[in-house]
Amino acid sequence: MEKITCDKIHREHTLIRVLGITSLTILILAGVASAAPFAYVTNLGDYNQRGYYYDTNYNGTVPTPSVTVIDTATNNITARVPLGDGWPIGVAVNPAGTRVYVASATIDDACIVYVIDTAINTVNTKVNIGSSYPSEITVNPAGTRIYVTKQHDYTDISVINTATNTLMAPIIVGPSTYNVAFTPDGKKIYAANSRNNTIYVIDAATNKVTANVPVGDSPYEVVVTPDGKKVYVPNYNSSTVSVIDTATDNVTATVPVGDSPRRVAVTSDGNKVYIANNNTVSVIDTAADIVIATVPVGTSSCEIVVSPDGSKVYLGNFYNNSVTVINTKTNTVTAKVPVGEWPMGIAVTPDGKKVYVANADSDNVSVIDSTTNNVTATVNAGIYPTGVIIVPFTHSNITYQSTSATSNATEDIGVEKTNCSSSEEQNAVELNKSKNNTSESYNGNSSGRNESSKNNSTPGFGLLGSLICLYGGWKFSKK
(Lines give C-alpha, C1' and ligand atoms only; values in the text may rest on other atoms or scores of the structure.)
Protein backbone atom coordinates (compact mmCIF):
# COMPACT_ATOMS: atom_id res chain seq x y z
CA MET A 1 0.00 0.00 0.00
CA GLU A 2 2.84 2.34 0.84
CA LYS A 3 4.46 1.62 -2.58
CA ILE A 4 1.26 2.51 -4.43
CA THR A 5 1.04 5.83 -2.54
CA CYS A 6 4.67 6.72 -3.36
CA ASP A 7 4.17 5.83 -7.02
CA LYS A 8 1.07 7.96 -7.11
CA ILE A 9 2.89 10.91 -5.55
CA HIS A 10 5.80 10.44 -7.93
CA ARG A 11 3.45 10.46 -10.93
CA GLU A 12 1.73 13.61 -9.66
CA HIS A 13 5.03 15.38 -9.17
CA THR A 14 6.26 14.26 -12.60
CA LEU A 15 3.05 15.52 -14.22
CA ILE A 16 3.34 18.84 -12.41
CA ARG A 17 6.95 19.25 -13.49
CA VAL A 18 6.10 18.44 -17.11
CA LEU A 19 3.16 20.86 -17.11
CA GLY A 20 5.30 23.54 -15.50
CA ILE A 21 8.19 23.14 -17.93
CA THR A 22 5.79 23.04 -20.90
CA SER A 23 4.03 26.20 -19.72
CA LEU A 24 7.31 28.01 -19.21
CA THR A 25 8.55 26.91 -22.64
CA ILE A 26 5.37 28.16 -24.31
CA LEU A 27 5.63 31.48 -22.51
CA ILE A 28 9.29 31.92 -23.42
CA LEU A 29 8.65 31.08 -27.09
CA ALA A 30 5.66 33.41 -27.13
CA GLY A 31 7.78 36.14 -25.62
CA VAL A 32 10.47 35.67 -28.25
CA ALA A 33 7.91 35.61 -31.03
CA SER A 34 6.21 38.78 -29.76
CA ALA A 35 9.42 40.75 -29.33
CA ALA A 36 9.61 43.55 -31.86
CA PRO A 37 12.52 43.51 -34.29
CA PHE A 38 15.17 46.22 -34.49
CA ALA A 39 16.35 48.30 -37.41
CA TYR A 40 20.12 48.65 -37.78
CA VAL A 41 21.15 51.76 -39.73
CA THR A 42 24.67 52.51 -40.97
CA ASN A 43 25.75 56.16 -40.99
CA LEU A 44 28.77 58.45 -40.85
CA GLY A 45 28.28 59.57 -37.27
CA ASP A 46 26.00 60.70 -34.47
CA TYR A 47 23.27 63.05 -35.68
CA ASN A 48 24.38 65.60 -33.05
CA GLN A 49 27.69 65.86 -34.92
CA ARG A 50 26.01 67.07 -38.12
CA GLY A 51 27.80 70.00 -39.71
CA TYR A 52 31.24 68.60 -38.97
CA TYR A 53 33.54 68.56 -41.95
CA TYR A 54 35.18 65.60 -43.61
CA ASP A 55 37.53 65.92 -46.57
CA THR A 56 40.64 64.42 -48.13
CA ASN A 57 42.90 66.62 -46.01
CA TYR A 58 41.16 65.50 -42.82
CA ASN A 59 40.59 69.09 -41.73
CA GLY A 60 38.19 69.84 -38.94
CA THR A 61 36.52 67.28 -36.71
CA VAL A 62 35.72 63.93 -38.26
CA PRO A 63 32.54 62.23 -36.98
CA THR A 64 32.78 58.61 -35.89
CA PRO A 65 30.82 56.27 -38.20
CA SER A 66 28.28 54.17 -36.36
CA VAL A 67 25.33 51.82 -36.53
CA THR A 68 22.14 53.19 -35.00
CA VAL A 69 19.73 50.66 -33.47
CA ILE A 70 16.02 51.52 -33.62
CA ASP A 71 13.32 49.65 -31.70
CA THR A 72 10.59 49.13 -34.31
CA ALA A 73 7.92 48.91 -31.60
CA THR A 74 8.53 52.47 -30.42
CA ASN A 75 10.81 53.94 -33.10
CA ASN A 76 13.16 55.00 -30.32
CA ILE A 77 16.91 54.70 -30.66
CA THR A 78 18.15 52.13 -28.15
CA ALA A 79 21.85 52.11 -29.01
CA ARG A 80 24.58 53.62 -31.15
CA VAL A 81 27.43 51.29 -32.02
CA PRO A 82 30.59 53.26 -32.90
CA LEU A 83 32.78 51.98 -35.72
CA GLY A 84 36.22 53.10 -36.82
CA ASP A 85 36.97 55.83 -39.32
CA GLY A 86 35.87 55.82 -42.94
CA TRP A 87 32.65 54.96 -44.74
CA PRO A 88 30.26 52.12 -43.81
CA ILE A 89 29.53 50.61 -47.23
CA GLY A 90 27.54 47.44 -46.59
CA VAL A 91 25.57 45.82 -43.79
CA ALA A 92 24.29 42.26 -43.33
CA VAL A 93 22.91 39.98 -40.61
CA ASN A 94 23.39 36.27 -39.97
CA PRO A 95 20.37 33.90 -40.13
CA ALA A 96 20.22 33.59 -36.33
CA GLY A 97 20.04 37.36 -35.91
CA THR A 98 22.87 37.27 -33.39
CA ARG A 99 25.49 39.09 -35.45
CA VAL A 100 25.43 42.15 -37.70
CA TYR A 101 28.33 42.62 -40.10
CA VAL A 102 29.39 46.01 -41.47
CA ALA A 103 31.97 46.51 -44.23
CA SER A 104 33.69 49.88 -44.00
CA ALA A 105 36.25 51.59 -46.24
CA THR A 106 38.72 53.39 -44.00
CA ILE A 107 40.50 56.66 -44.72
CA ASP A 108 43.79 54.82 -45.29
CA ASP A 109 42.30 52.66 -48.08
CA ALA A 110 41.78 49.55 -45.99
CA CYS A 111 38.56 47.61 -45.56
CA ILE A 112 37.39 46.55 -42.10
CA VAL A 113 34.50 44.22 -41.34
CA TYR A 114 32.97 45.01 -37.95
CA VAL A 115 31.17 42.18 -36.15
CA ILE A 116 28.39 43.45 -33.86
CA ASP A 117 26.90 41.28 -31.12
CA THR A 118 23.18 42.11 -31.31
CA ALA A 119 22.53 41.00 -27.71
CA ILE A 120 24.65 43.81 -26.29
CA ASN A 121 25.14 45.98 -29.40
CA THR A 122 28.89 46.22 -29.24
CA VAL A 123 31.63 45.42 -31.73
CA ASN A 124 33.25 42.20 -30.55
CA THR A 125 35.58 41.66 -33.51
CA LYS A 126 37.18 43.60 -36.34
CA VAL A 127 38.42 41.75 -39.41
CA ASN A 128 40.89 43.62 -41.63
CA ILE A 129 40.56 42.36 -45.19
CA GLY A 130 43.38 44.54 -46.49
CA SER A 131 43.62 47.31 -49.02
CA SER A 132 40.39 47.39 -50.99
CA TYR A 133 37.20 49.34 -51.60
CA PRO A 134 34.19 47.19 -50.68
CA SER A 135 31.00 47.00 -52.67
CA GLU A 136 28.67 44.74 -50.67
CA ILE A 137 28.79 42.29 -47.79
CA THR A 138 26.78 39.07 -47.84
CA VAL A 139 26.17 36.18 -45.45
CA ASN A 140 25.60 32.69 -46.87
CA PRO A 141 22.31 30.89 -46.03
CA ALA A 142 23.97 28.76 -43.33
CA GLY A 143 25.55 31.78 -41.65
CA THR A 144 29.00 30.19 -41.76
CA ARG A 145 30.70 32.48 -44.28
CA ILE A 146 30.86 36.20 -45.05
CA TYR A 147 31.56 37.39 -48.59
CA VAL A 148 32.80 40.91 -49.34
CA THR A 149 32.76 42.03 -52.97
CA LYS A 150 34.95 44.89 -54.18
CA GLN A 151 34.85 47.77 -56.61
CA HIS A 152 37.38 49.31 -59.00
CA ASP A 153 40.36 47.12 -59.96
CA TYR A 154 40.19 44.63 -57.10
CA THR A 155 39.97 41.10 -58.47
CA ASP A 156 38.98 39.03 -55.48
CA ILE A 157 36.09 38.36 -53.12
CA SER A 158 37.12 38.19 -49.46
CA VAL A 159 35.72 35.27 -47.46
CA ILE A 160 35.44 35.27 -43.66
CA ASN A 161 34.84 32.21 -41.48
CA THR A 162 32.14 33.32 -39.01
CA ALA A 163 33.10 30.72 -36.40
CA THR A 164 36.58 32.18 -36.00
CA ASN A 165 36.13 35.61 -37.65
CA THR A 166 39.25 34.96 -39.69
CA LEU A 167 40.01 35.36 -43.38
CA MET A 168 39.89 32.33 -45.63
CA ALA A 169 41.45 32.06 -49.08
CA PRO A 170 39.92 34.70 -51.40
CA ILE A 171 37.91 33.90 -54.51
CA ILE A 172 39.70 35.19 -57.61
CA VAL A 173 37.33 36.89 -60.03
CA GLY A 174 37.37 39.87 -62.39
CA PRO A 175 37.65 43.52 -61.36
CA SER A 176 34.53 45.33 -60.11
CA THR A 177 32.54 42.33 -58.92
CA TYR A 178 29.70 44.04 -57.15
CA ASN A 179 27.12 41.53 -55.94
CA VAL A 180 26.72 37.85 -55.07
CA ALA A 181 23.66 35.65 -54.61
CA PHE A 182 23.23 32.09 -53.38
CA THR A 183 21.05 29.21 -54.42
CA PRO A 184 18.63 28.28 -51.60
CA ASP A 185 20.68 25.21 -50.68
CA GLY A 186 23.80 27.40 -50.38
CA LYS A 187 25.80 25.21 -52.75
CA LYS A 188 26.32 27.68 -55.59
CA ILE A 189 27.20 31.36 -55.68
CA TYR A 190 26.50 33.72 -58.58
CA ALA A 191 28.66 36.85 -58.71
CA ALA A 192 28.01 39.83 -60.99
CA ASN A 193 31.08 41.38 -62.60
CA SER A 194 30.31 44.73 -64.22
CA ARG A 195 33.70 45.17 -65.91
CA ASN A 196 33.83 41.84 -67.77
CA ASN A 197 30.07 41.54 -68.43
CA THR A 198 30.20 38.15 -66.76
CA ILE A 199 28.45 36.17 -64.05
CA TYR A 200 30.90 33.97 -62.16
CA VAL A 201 29.52 30.67 -60.92
CA ILE A 202 31.26 29.60 -57.71
CA ASP A 203 31.19 26.28 -55.87
CA ALA A 204 30.44 27.33 -52.30
CA ALA A 205 32.11 24.24 -50.83
CA THR A 206 35.47 24.97 -52.45
CA ASN A 207 35.08 28.69 -53.24
CA LYS A 208 36.34 27.95 -56.75
CA VAL A 209 34.95 29.47 -59.95
CA THR A 210 33.33 26.70 -61.99
CA ALA A 211 31.90 28.71 -64.89
CA ASN A 212 31.88 32.16 -66.51
CA VAL A 213 28.53 33.10 -68.00
CA PRO A 214 28.56 35.97 -70.54
CA VAL A 215 25.63 38.35 -70.07
CA GLY A 216 24.81 41.90 -71.17
CA ASP A 217 26.73 45.12 -70.66
CA SER A 218 27.46 46.17 -67.04
CA PRO A 219 25.67 43.73 -64.74
CA TYR A 220 25.67 45.06 -61.17
CA GLU A 221 23.21 42.81 -59.35
CA VAL A 222 21.93 39.25 -59.48
CA VAL A 223 18.96 37.44 -57.92
CA VAL A 224 18.15 33.72 -57.62
CA THR A 225 14.54 32.52 -57.58
CA PRO A 226 13.36 30.80 -54.37
CA ASP A 227 13.23 27.42 -56.10
CA GLY A 228 16.87 27.85 -57.12
CA LYS A 229 16.21 27.16 -60.80
CA LYS A 230 16.82 30.56 -62.36
CA VAL A 231 19.07 33.59 -62.00
CA TYR A 232 18.04 37.07 -63.18
CA VAL A 233 20.69 39.65 -64.05
CA PRO A 234 19.89 43.30 -64.98
CA ASN A 235 22.38 44.62 -67.54
CA TYR A 236 22.71 48.33 -66.89
CA ASN A 237 24.06 49.51 -70.25
CA SER A 238 22.16 46.98 -72.37
CA SER A 239 18.68 47.69 -70.96
CA THR A 240 18.11 43.95 -70.77
CA VAL A 241 17.85 41.17 -68.20
CA SER A 242 19.73 37.91 -68.70
CA VAL A 243 18.08 34.72 -67.43
CA ILE A 244 20.40 31.88 -66.39
CA ASP A 245 19.36 28.25 -65.94
CA THR A 246 21.15 27.05 -62.79
CA ALA A 247 21.10 23.42 -63.99
CA THR A 248 23.26 24.22 -67.02
CA ASP A 249 24.59 27.70 -66.13
CA ASN A 250 23.64 28.92 -69.59
CA VAL A 251 21.65 32.02 -70.55
CA THR A 252 18.22 30.81 -71.66
CA ALA A 253 16.59 34.20 -72.31
CA THR A 254 17.44 37.86 -72.75
CA VAL A 255 14.54 40.08 -71.78
CA PRO A 256 14.34 43.73 -72.99
CA VAL A 257 13.37 46.04 -70.12
CA GLY A 258 13.50 49.78 -69.41
CA ASP A 259 16.40 52.19 -69.50
CA SER A 260 19.41 51.53 -67.25
CA PRO A 261 18.16 48.56 -65.17
CA ARG A 262 20.12 48.19 -61.95
CA ARG A 263 18.14 46.79 -59.03
CA VAL A 264 16.19 43.53 -58.96
CA ALA A 265 13.84 41.76 -56.52
CA VAL A 266 11.85 38.52 -56.72
CA THR A 267 8.57 37.66 -55.00
CA SER A 268 8.57 34.97 -52.33
CA ASP A 269 6.56 32.61 -54.57
CA GLY A 270 9.07 33.14 -57.37
CA ASN A 271 6.39 34.01 -59.91
CA LYS A 272 7.51 37.58 -60.63
CA VAL A 273 10.75 39.49 -60.84
CA TYR A 274 10.75 43.29 -60.49
CA ILE A 275 13.45 45.28 -62.27
CA ALA A 276 14.15 48.87 -61.21
CA ASN A 277 15.01 50.92 -64.29
CA ASN A 278 15.76 54.65 -64.44
CA ASN A 279 12.12 55.77 -64.23
CA THR A 280 10.10 52.59 -64.61
CA VAL A 281 9.79 49.13 -63.09
CA SER A 282 9.63 46.16 -65.44
CA VAL A 283 7.66 43.15 -64.20
CA ILE A 284 8.88 39.80 -65.55
CA ASP A 285 6.74 36.65 -65.48
CA THR A 286 9.27 33.98 -64.51
CA ALA A 287 7.28 31.17 -66.16
CA ALA A 288 7.51 32.74 -69.62
CA ASP A 289 10.40 35.16 -69.04
CA ILE A 290 8.55 38.06 -70.64
CA VAL A 291 7.69 41.55 -69.38
CA ILE A 292 4.02 41.57 -68.40
CA ALA A 293 3.87 45.14 -67.08
CA THR A 294 5.83 48.37 -67.08
CA VAL A 295 5.16 50.60 -64.08
CA PRO A 296 6.09 54.31 -64.18
CA VAL A 297 7.95 55.44 -61.05
CA GLY A 298 10.36 58.17 -59.97
CA THR A 299 13.90 58.86 -61.14
CA SER A 300 17.06 56.93 -60.25
CA SER A 301 15.91 54.02 -58.15
CA CYS A 302 18.51 53.09 -55.54
CA GLU A 303 16.66 50.25 -53.85
CA ILE A 304 13.77 47.89 -54.53
CA VAL A 305 12.33 45.39 -52.04
CA VAL A 306 9.32 43.09 -51.89
CA SER A 307 7.20 42.84 -48.74
CA PRO A 308 7.43 39.51 -46.84
CA ASP A 309 3.97 38.42 -48.00
CA GLY A 310 4.77 39.35 -51.60
CA SER A 311 1.86 41.76 -51.93
CA LYS A 312 3.81 45.00 -52.30
CA VAL A 313 6.97 46.35 -53.85
CA TYR A 314 8.75 49.37 -52.35
CA LEU A 315 11.01 51.46 -54.55
CA GLY A 316 13.17 54.36 -53.43
CA ASN A 317 13.18 57.30 -55.88
CA PHE A 318 16.51 59.00 -55.32
CA TYR A 319 15.78 62.35 -56.94
CA ASN A 320 12.08 62.53 -56.21
CA ASN A 321 12.61 62.03 -52.48
CA SER A 322 9.82 59.48 -52.36
CA VAL A 323 9.02 55.79 -52.11
CA THR A 324 6.76 54.24 -54.73
CA VAL A 325 4.44 51.45 -53.56
CA ILE A 326 3.39 48.88 -56.18
CA ASN A 327 0.56 46.36 -55.77
CA THR A 328 1.96 43.05 -57.06
CA LYS A 329 -1.49 41.67 -57.95
CA THR A 330 -2.36 44.53 -60.27
CA ASN A 331 1.17 45.83 -60.93
CA THR A 332 -0.06 49.38 -60.43
CA VAL A 333 1.18 52.18 -58.22
CA THR A 334 -0.95 52.46 -55.09
CA ALA A 335 1.00 55.26 -53.42
CA LYS A 336 3.98 57.57 -53.73
CA VAL A 337 5.11 58.37 -50.20
CA PRO A 338 7.16 61.56 -49.63
CA VAL A 339 10.22 60.83 -47.50
CA GLY A 340 13.54 62.58 -46.87
CA GLU A 341 16.21 63.56 -49.36
CA TRP A 342 18.08 60.84 -51.25
CA PRO A 343 16.27 57.70 -50.07
CA MET A 344 18.73 54.82 -50.38
CA GLY A 345 18.31 51.87 -47.99
CA ILE A 346 14.86 50.30 -47.53
CA ALA A 347 13.81 47.48 -45.18
CA VAL A 348 10.43 45.99 -44.26
CA THR A 349 9.64 44.46 -40.86
CA PRO A 350 8.87 40.70 -40.90
CA ASP A 351 5.16 41.34 -40.27
CA GLY A 352 5.10 43.78 -43.19
CA LYS A 353 3.56 46.55 -41.11
CA LYS A 354 6.42 49.06 -41.21
CA VAL A 355 8.92 50.18 -43.84
CA TYR A 356 12.19 51.87 -42.84
CA VAL A 357 13.80 54.22 -45.36
CA ALA A 358 17.32 55.64 -44.90
CA ASN A 359 17.40 59.21 -46.28
CA ALA A 360 21.07 59.99 -46.88
CA ASP A 361 20.95 63.75 -47.42
CA SER A 362 18.34 64.36 -44.70
CA ASP A 363 20.29 62.54 -42.00
CA ASN A 364 17.20 60.60 -40.95
CA VAL A 365 15.07 57.50 -41.38
CA SER A 366 11.43 57.67 -42.46
CA VAL A 367 9.05 55.07 -41.00
CA ILE A 368 6.13 54.22 -43.29
CA ASP A 369 2.95 52.58 -42.07
CA SER A 370 2.25 50.00 -44.77
CA THR A 371 -1.50 50.09 -44.15
CA THR A 372 -1.95 53.83 -44.66
CA ASN A 373 1.21 54.46 -46.72
CA ASN A 374 1.96 57.47 -44.53
CA VAL A 375 5.16 58.40 -42.73
CA THR A 376 4.38 57.98 -39.04
CA ALA A 377 7.83 58.78 -37.62
CA THR A 378 11.10 60.41 -38.61
CA VAL A 379 14.14 59.20 -36.70
CA ASN A 380 17.40 61.17 -36.65
CA ALA A 381 19.49 58.07 -37.14
CA GLY A 382 22.84 59.73 -37.87
CA ILE A 383 24.80 61.62 -40.49
CA TYR A 384 24.24 60.35 -44.02
CA PRO A 385 22.43 57.07 -43.29
CA THR A 386 22.49 54.78 -46.30
CA GLY A 387 21.97 51.18 -45.21
CA VAL A 388 19.23 49.60 -43.10
CA ILE A 389 18.43 46.01 -42.14
CA ILE A 390 15.87 44.44 -39.82
CA VAL A 391 16.98 42.08 -37.03
CA PRO A 392 15.76 39.41 -36.60
CA PHE A 393 14.80 38.70 -40.17
CA THR A 394 12.82 36.10 -42.10
CA HIS A 395 13.82 34.38 -45.33
CA SER A 396 11.36 36.64 -47.12
CA ASN A 397 13.64 39.53 -46.19
CA ILE A 398 16.51 38.08 -48.15
CA THR A 399 14.95 35.96 -50.90
CA TYR A 400 18.06 33.81 -50.78
CA GLN A 401 20.36 36.61 -51.86
CA SER A 402 21.98 37.96 -48.76
CA THR A 403 21.06 38.70 -45.25
CA SER A 404 21.09 42.34 -46.08
CA ALA A 405 17.31 42.42 -46.51
CA THR A 406 16.98 41.83 -50.22
CA SER A 407 20.25 43.54 -50.87
CA ASN A 408 19.97 46.29 -48.37
CA ALA A 409 23.73 46.66 -48.62
CA THR A 410 24.73 50.30 -48.71
CA GLU A 411 25.04 51.93 -52.10
CA ASP A 412 28.50 53.14 -53.03
CA ILE A 413 29.17 56.32 -51.06
CA GLY A 414 30.72 57.74 -54.20
CA VAL A 415 27.29 57.80 -55.83
CA GLU A 416 26.69 60.12 -58.71
CA LYS A 417 23.36 61.91 -58.82
CA THR A 418 22.75 60.83 -62.40
CA ASN A 419 22.10 57.15 -61.86
CA CYS A 420 22.86 56.16 -58.27
CA SER A 421 25.27 53.55 -59.52
CA SER A 422 28.64 55.16 -60.11
CA SER A 423 31.69 53.48 -58.64
CA GLU A 424 33.78 56.64 -58.47
CA GLU A 425 34.81 57.44 -54.92
CA GLN A 426 33.84 60.88 -53.66
CA ASN A 427 36.91 62.85 -52.57
CA ALA A 428 35.22 65.50 -50.47
CA VAL A 429 31.83 65.61 -48.75
CA GLU A 430 30.20 68.53 -47.01
CA LEU A 431 27.96 66.99 -44.36
CA ASN A 432 24.77 68.98 -44.00
CA LYS A 433 25.95 71.94 -41.96
CA SER A 434 22.58 73.47 -41.24
CA LYS A 435 20.14 70.63 -40.67
CA ASN A 436 17.47 71.07 -38.04
CA ASN A 437 16.66 68.44 -35.46
CA THR A 438 13.22 67.15 -36.47
CA SER A 439 12.36 64.15 -34.35
CA GLU A 440 13.60 61.27 -32.25
CA SER A 441 16.90 61.47 -30.41
CA TYR A 442 19.03 58.92 -28.64
CA ASN A 443 17.34 58.01 -25.40
CA GLY A 444 20.57 57.42 -23.51
CA ASN A 445 20.23 53.68 -23.05
CA SER A 446 23.77 53.11 -21.89
CA SER A 447 23.48 49.35 -21.73
CA GLY A 448 23.18 49.07 -25.48
CA ARG A 449 20.88 46.08 -25.12
CA ASN A 450 17.87 45.54 -27.34
CA GLU A 451 15.20 46.43 -24.80
CA SER A 452 11.82 47.14 -26.37
CA SER A 453 9.07 49.08 -24.64
CA LYS A 454 7.17 47.14 -21.99
CA ASN A 455 3.80 47.75 -23.60
CA ASN A 456 4.77 46.72 -27.10
CA SER A 457 7.50 44.16 -27.34
CA THR A 458 8.70 42.85 -23.99
CA PRO A 459 6.97 39.67 -22.82
CA GLY A 460 4.97 40.18 -19.64
CA PHE A 461 7.32 39.13 -16.88
CA GLY A 462 4.55 39.65 -14.32
CA LEU A 463 2.57 36.82 -15.88
CA LEU A 464 5.64 34.66 -16.31
CA GLY A 465 6.73 35.28 -12.71
CA SER A 466 3.25 34.59 -11.38
CA LEU A 467 3.10 31.24 -13.15
CA ILE A 468 6.53 30.30 -11.80
CA CYS A 469 5.40 31.15 -8.27
CA LEU A 470 2.10 29.34 -8.77
CA TYR A 471 3.91 26.24 -10.01
CA GLY A 472 6.35 26.35 -7.07
CA GLY A 473 3.62 26.86 -4.50
CA TRP A 474 1.51 24.08 -5.96
CA LYS A 475 4.45 21.68 -5.90
CA PHE A 476 5.33 22.62 -2.32
CA SER A 477 1.75 22.10 -1.11
CA LYS A 478 1.70 18.60 -2.58
CA LYS A 479 4.69 17.45 -0.53
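Scroll up to find the structure.
The following refers to the structure shown. Treat the numbers as computed from the prediction; the structure is a model and nothing was measured. (Residues numbered from 1 in each chain as written. Predicted model: local features only at pLDDT ≥ 70, side-chain atom pairs only at ≥ 80, totals over all residues. Heavy atoms only, no water.)

## Quick notes on the overall build of the protein
- A tally of helices and strands in the protein yields three helices and 35 strands.
- Burial analysis of the protein (479 residues in total) assigns 56% to the buried set.
- Summarising the internal contacts of the protein: among those between residues at least 6 apart in sequence, 48% fall at separations of at least 24.
- Split by element, the accessible area of the protein, about 19100 Å² in all, is 53% carbon and sulfur. (Helix = DSSP H or I, 4+ residues; strand = E, 2+ residues; numbered from the N terminus. Buried < 20%, exposed > 50% of the residue type's maximum accessible area, 1.4 Å probe, protein only. Contact = heavy atoms within 4.5 Å. Areas by Shrake-Rupley, 256 points an atom, 1.4 Å probe, with all protein chains shown as cover.)

## Here's the deal with the side chain of Asn 235
- Inspection of the secondary structure assignment puts Asn 235 in strand β19 (residues 230-235).
- Residue classification places Asn 235 among the buried positions, given a relative accessible area of 0%.
- The contact partners of Asn 235, leaving out residues within four places of it in the chain, are Val 215, Gly 216, Asp 217, Ser 218, Pro 219, Thr 240, Val 241, Ser 242 and Pro 261.

## Topic: the pattern of salt bridges
- One pass over the full model with this rule turns up seven salt bridges.
- In this structure, Asp 153 engages Arg 195 in a salt bridge whose closest nitrogen and oxygen atoms are separated by 3.0 Å. With a gap of 42 residues between them, Asp 153 in the loop between β10 (145-150) and β11 (156-161) and Arg 195 in the loop between β15 (188-193) and β16 (198-203) connect regions that are remote in the sequence.
- Salt-bridge contacts for Asp 249 lead to Lys 188; the nearest nitrogen and oxygen are separated by 3.0 Å. You can see Asp 249 sitting in the loop between β20 (240-245) and β21 (250-256) and its partner Lys 188 sitting in strand β15, a full 61 residues away along the chain.
- What makes Asp 249 buried here is its relative accessible area of 13%. (Salt bridge = Lys/Arg side-chain N within 4 Å of Asp/Glu carboxyl O.)

## Structural notes on the pairing of strand β9 (residues 134-139)
- Of all the six residues making up β9, six are buried; the element is thus mostly covered by neighbouring parts of the structure.
- The pairing of β9 with β10 spans four bridges and is antiparallel. Within β10, the residue paired with Thr 138 across the bridge is Tyr 147. (Pairing = 2+ DSSP bridges.)

## A closer look at the sheet that holds strand β31 (residues 354-359)
- Strand order in the open sheet made by the four strands is β30-β31-β32-β33, with antiparallel pairing throughout. Every other strand in the sheet has two partners, leaving β30 (343-348) and β33 (374-379) as the edge strands with one partner each. Within the sheet, the average angular offset between the axes of one strand and its neighbour, ignoring direction, is 25 degrees.
- The sheet contact formed by strand β32 (residues 364-369) and β33 spans five bridges and is antiparallel. By the bridge assignment for β33, Asp 369 is matched with Asn 374. (Axes fitted to C-alpha atoms, helices over the stretch in contact; angles between N-to-C directions.)

## Some thoughts on the nonpolar core
- Core analysis: the largest hydrophobic core is formed by 16 residues, its most contacted members being Tyr 40, Val 67, Val 100, Val 102 and Ile 389.
- Of all the secondary-structure elements, those providing two or more residues to this core are β1 (38-43), β3 (66-71), β4 (76-82), β5 (87-93), β6 (99-105), β7 (110-117) and β34 (387-391).
- It is β7 that provides the largest number of residues to this core, a total of three residues. (Core = buried A, V, L, I, M, F, W, Y, C linked by side-chain atoms within 4.5 Å.)

## Here we look at the sheet that holds β4
- Within the open sheet, the four strands sit side by side as β4-β3-β1-β34. Their pairing is antiparallel. Each having just a single partner strand, β4 and β34 make up the two edges of the open sheet. Within this sheet the neighbouring strands show an average axis-to-axis angle of 20 degrees, counted without direction.
- Examined bridge by bridge, β1 and β3 share six bridges and lie antiparallel to one another. The residue bridging Thr 42 from the neighbouring strand is Val 67, located in β3.

## Brief notes about unusual backbone geometry
- Note that the residue after Val 391, namely Pro 392, is joined by a cis bond; omega there is -5 degrees.
- Tracing the sequence through the fold places Pro 392 in the loop between β34 and α2 (395-398).
- A positive phi angle, close to 55 degrees, is found at Ser 239, a residue other than glycine.
- Not every positive phi belongs to a glycine, and Asn 321 is a case in point at roughly 50 degrees.
- The topology assignment puts Asn 321 in the loop between β27 (312-317) and β28 (322-327).

## Focus: the packing of aromatic side chains
- Applying the stated criterion across every chain, the model contains six aromatic pairs.
- Ring geometry for Trp 342 versus Tyr 384: centroids 6.3 Å apart, planes at 90 degrees, classification edge-to-face. Linking Trp 342 in the loop between β29 (332-338) and β30 with Tyr 384 in the loop between β33 and β34, this pair joins segments that are 42 residues apart in sequence.
- Residue class for Trp 342 comes out buried when judged on its relative accessible area of 17%.
- Within the aromatic cluster, the residues linked to one another by ring pairs are Phe 318, Tyr 319, Trp 342 and Tyr 384.
- For Arg 262, the ring lying beneath its charged end belongs to Tyr 220, and the centroid distance is 4.3 Å. (Phe/Tyr/Trp six-rings, centres within 6.5 Å; stacked < 30°, edge-to-face > 60°. Lys NZ or Arg CZ within 6 Å of the ring centre and 35° of its normal.)

## Some points on the environment of Val 333
- Positionally, Val 333 belongs in strand β29.
- Here Val 333 falls in the partly exposed class, since its relative accessible area comes to 36%.
- In this structure, the C-alpha to C-alpha distance between Val 333 and Val 297, residues 36 residues apart in sequence, is 8.0 Å.

Don't take any of this as a statement about function, it's just geometry.
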